[in-house]
Amino acid sequence: MNGRELVTRLMHEGGLYGLTAEKFSLGRRNADVVRTMLDGGIRIIQYREKTKKMGLKYEECLQLRAITREAGAAFIVNDDIDLALLTGADGVHVGQEDLPVEAVRALVGEGMAVGLSTHSPEQARAAVSRGADYIGVGPIFATRTKEDVCAPVGFEYLDFVVRNIDLPFVAIGGIKEHNIKEVTDHGARCMALVTEITAAEDIRGKIAALTNILCP
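Residues numbered from 1 in each chain as written. Predicted model: local features only at pLDDT ≥ 70, side-chain atom pairs only at ≥ 80, totals over all residues. Heavy atoms only, no water.

You'll find the chain entered in an unreviewed UniProt entry as Thiamine-phosphate synthase, with Desulfomicrobium macestii given as the organism.

(A) Examining the sheet that holds strand β4 (residues 91-94) more closely. Strands sit in the order β1-β2-β3-β4-β5-β6-β7-β8 around a closed barrel of 8 strands; the barrel is parallel. Across the sheet, the mean angle separating the axes of adjacent strands is 25° when strand polarity is ignored. The sheet contact formed by β4 and strand β5 (residues 113-118) spans 4 bridges and is parallel. Directly across from Val 92, in β5, lies its bridge partner Val 114. Helix α7 (residues 154-164) contacts β5, β6 (134-137) and β7 (169-172) of the sheet and is inclined by roughly 160° relative to β6. Those strands touched by helix α10 (residues 203-214) are β1 (15-19) and β8 (190-193), and its axis lies near 145° from that of β1. (Pairing = 2+ DSSP bridges. Helix = DSSP H or I, 4+ residues; strand = E, 2+ residues; numbered from the N terminus. Axes fitted to C-alpha atoms, helices over the stretch in contact; angles between N-to-C directions. Contact = heavy atoms within 4.5 Å.)

(B) Structural context of unusual backbone geometry. Cis geometry is found at the peptide bond from Gly 138 to Pro 139, where omega equals 0°. Among the secondary structure elements, Pro 139 is positioned in the loop between β6 and α7. A positive phi angle, near 55°, is found at Leu 26, a position not held by glycine. As for its placement among the helices and strands, Leu 26 is situated in the loop between β1 and α2 (30-39). When its relative accessible area of 49% is taken as the criterion, Leu 26 is described as partly exposed. (Buried < 20%, exposed > 50% of the residue type's maximum accessible area, 1.4 Å probe, protein only.)

(C) The arrangement of the environment of Ala 71 in detail. Within the element layout of this structure, Ala 71 appears in helix α3 (residues 54-71). The exposure class of Ala 71 is partly exposed, given its relative accessible area of 31%. For the pair formed by Ala 71 and Arg 43, sequence separation is 28 residues and the distance between their alpha carbons is 8.1 Å. Setting aside its immediate chain neighbours within four residues, Ala 71 contacts Leu 38 and Arg 43.

Here it is, written out as structure tokens:
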């Protein structure tokens, strides 16, 4: 199974989608947080560290690639196509202002998943026509994790995707333990939470609590 197939399978299965955020990890290293995420049952990890130097990001991605491969989990790199290729990632996730999906596909080939952040029905339809393997849907709620984030899309856009888009998707943006059930009630099966997990004192306990809500 190549990386594209692994990511697609895990996205269809649903569950929690973990992202790194060392700035919001209570002083813990990304590698330690990711190990705990994997121990807690998360099977998709995205590396998202926009402000670090490239050399450090490369070393961290190599380490996380080894950790996720050993756990049978998917490893996705945010934005940095070169990092994804150099470290053997299963996928790369890009935004609306990054290279278009077709250009990313030309660089990474057929064996790597390409995910695309979307914020509107028009962007979701374009993602399908351009060949994205999965889409990010959000931000569902207001979030402060990203500095360049757009306004919350709320449930109207999520409902549209559930009804009309035949691609696996991950809901993201401001999702917390207290509101995650609302998101599942609107049809999302895969959800990305950042600081709710990375900033938890007890990451395993937080994952268990979230999983109990997703799969009661």
